[in-house]
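Structure at a glance
Here's the letter readout for the chains.
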Amino acid sequence: IRPSSDAATPAREVVCGRIGRSWGLGTLLRPRTGALLAMLCGLSLIPAAATPPAGYYLVWGDEFNGTSLDSSKWDFWVDNRTWGKAYNDGAVAVSVSNGHLVITTKTISGTTYTAMVASDNHFRPRYGYYEASINWGDYSGMWSAFWLRSPILGTYLYDPLDDGGEMDVCEHRYIGKYGTNIANIVSDNIHWNGYGSQEQSTGSPNVGSGVATGFHTYSLLWAYDSYDFGIDGSTVWHTGSDGSPPTPPFGSSAYIILSSQVDDGSDVGTPPWAGYIPSGGYPTGTNQLLVDYFHYYAPTNVLFWTGGTSAYWTNTANWVSNMVPQPTSDLTFSYLSGNLSSVLGRDYTVDGLVFLNMLNSASINGTNTLTLGASGIDMLAADHNVT
């Protein structure tokens, strides 16, 4: 993430995130979004358990209950390289303890270290409800974020449906461009059309209150053509095809990123965009981004194939949460699909088939009949052949 211009007045200081296709033919999936229920608020010290919105179920996530980062779910992102004005090194800056992901920004022998973790090589979902419980630990000259990014952003300019976008669920700074403490608020932003001069974006004003301390839940309800951002169960910003200006729909999948960054933005303006970096750097153990959990929920009509037990659709254990294909179901094949050579096992009628990023080519086999409904075959985010 890198800074861009704040608003003209200090009263509306805006954080802008920066952070990349998929192809195919088919009828576009427009998932049934369901109503967003009020969520349980995070307590000041102990985060509350998550409750999914009505009509959604848990597909993928992490409670961070181990003793190290789960490498089957996350990788260190842009690791072992300078990013902004710090060196990203997950081995130095990332730990898991006391049920939390911990990203510590610290200065050792004159070098400042921090890190970003991402689901890029493990899971790239699309429409659904994304939520994380976060306790910020930023200080002057740094900021942290929870965001989503298309893996092919900038590949298909002026075609956001194919190209996808960047969706910043929340960005947090301790100090703002005008030298004021803005630790009690966050900003939500969406970017598309790459990161060059043709880039387009829209963003919220400052949203939330009292988020400088303790855990709070931050969420994005991403439907085909709408985006609802929330804090502690309440929607704080909405945009989409009905926005002003409108935000286009994205058909690409996206991966999840949890990050801390050091870059005061002094190269794009004075005073620095995120406050001055301390002259002595950052002491160890005091500037920590804590994440209690991350959850991704899909609409209950969107079923995810794993194939973990056998090749047959008739085996409910092959579907996440033992979901059973129904006439209203959109059957989804993704990075979660371990067996991509599947067999019907009986006649099925479903609403549609969805192919996201997968580990290999996929095939659907057998002597039975598969009848598709209005959603048809959606390969907008597919990156492998399908038979």
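Residues numbered from 1 in each chain as written. Predicted model: local features only at pLDDT ≥ 70, side-chain atom pairs only at ≥ 80, totals over all residues. Heavy atoms only, no water.

**A short note on the side chain of asparagine 357**
As for its placement among the helices and strands, asparagine 357 is situated in the loop between strand 23 (348-355) and strand 24 (363-365). Engagement of the side chain of asparagine 357 in a polar contact is seen with the side chain of arginine 124, the distance being 3.1 Å. A polar atom in the side chain of asparagine 357 sits 2.6 Å from the side chain of serine 253. (Helix = DSSP H or I, 4+ residues; strand = E, 2+ residues; numbered from the N terminus. Polar contact = N/O pair within 3.5 Å; in protein donor to acceptor, adjacent residues only side chain to side chain.)

**Let's talk about the pairing of strand 21 (residues 330-333)**
Within a regular strand, the side chains alternate between the two sheet faces. The alternating pattern of strand 21 places Asp330 and Thr332 on one face and Leu331 and Phe333 on the opposite face, and all of these are buried. Here three bridges tie strand 20 (residues 302-304) to strand 21, and the two strands are oriented parallel to one another. Pairing of phenylalanine 304 across the sheet is with threonine 332, part of strand 21. (Buried < 20%, exposed > 50% of the residue type's maximum accessible area, 1.4 Å probe, protein only. Pairing = 2+ DSSP bridges.)

**Thoughts on the sheet that holds strand 18 (residues 255-262)**
As summarised here, the arrangement of the seven strands in space is 2-9-18-11-12-13-14, forming an open sheet in which the pairing is antiparallel. Every other strand in the sheet has two partners, leaving strand 2 (75-76) and strand 14 (200-203) as the edge strands with one partner each. The sheet contact formed by strand 12 (residues 165-173) and strand 13 (residues 187-192) spans five bridges and is antiparallel. Looking across to strand 13, one finds that methionine 167 is bridged to isoleucine 190.

**Overview of the packing of aromatic side chains**
One pass over the structure, following the stated rule, counts 31 aromatic pairs. Geometrically, the ring pair formed by tryptophan 305 and tryptophan 319 is edge-to-face, given 5.0 Å between the ring centres and 70° between the ring planes. Here the residue tryptophan 305 occupies a position in the loop between strand 20 and strand 21, and tryptophan 319 occupies one in the loop between strand 20 and strand 21, the gap between them amounting to 14 residues. Note on tryptophan 305: relative accessible area 0%, which makes it buried. An angle of 15° between the planes, with centres 5.2 Å apart, marks the rings of phenylalanine 333 and phenylalanine 355 as stacked. Here the residue phenylalanine 333 occupies a position in strand 21, and phenylalanine 355 occupies one in strand 23, the gap between them amounting to 22 residues. Through pairs of rings, three or more aromatic residues link up here, namely Trp60, Phe64, Trp74, Phe123, Tyr127, Tyr130, Phe146, Trp222, Tyr224, Phe294, Tyr296 and Phe304. Geometry around tryptophan 273 places arginine 173 over its ring, the cationic atom sitting 4.0 Å from the centre. For arginine 346, the ring lying beneath its charged end belongs to tyrosine 348, and the centroid distance is 3.9 Å. (Phe/Tyr/Trp six-rings, centres within 6.5 Å; stacked < 30°, edge-to-face > 60°. Lys NZ or Arg CZ within 6 Å of the ring centre and 35° of its normal.)

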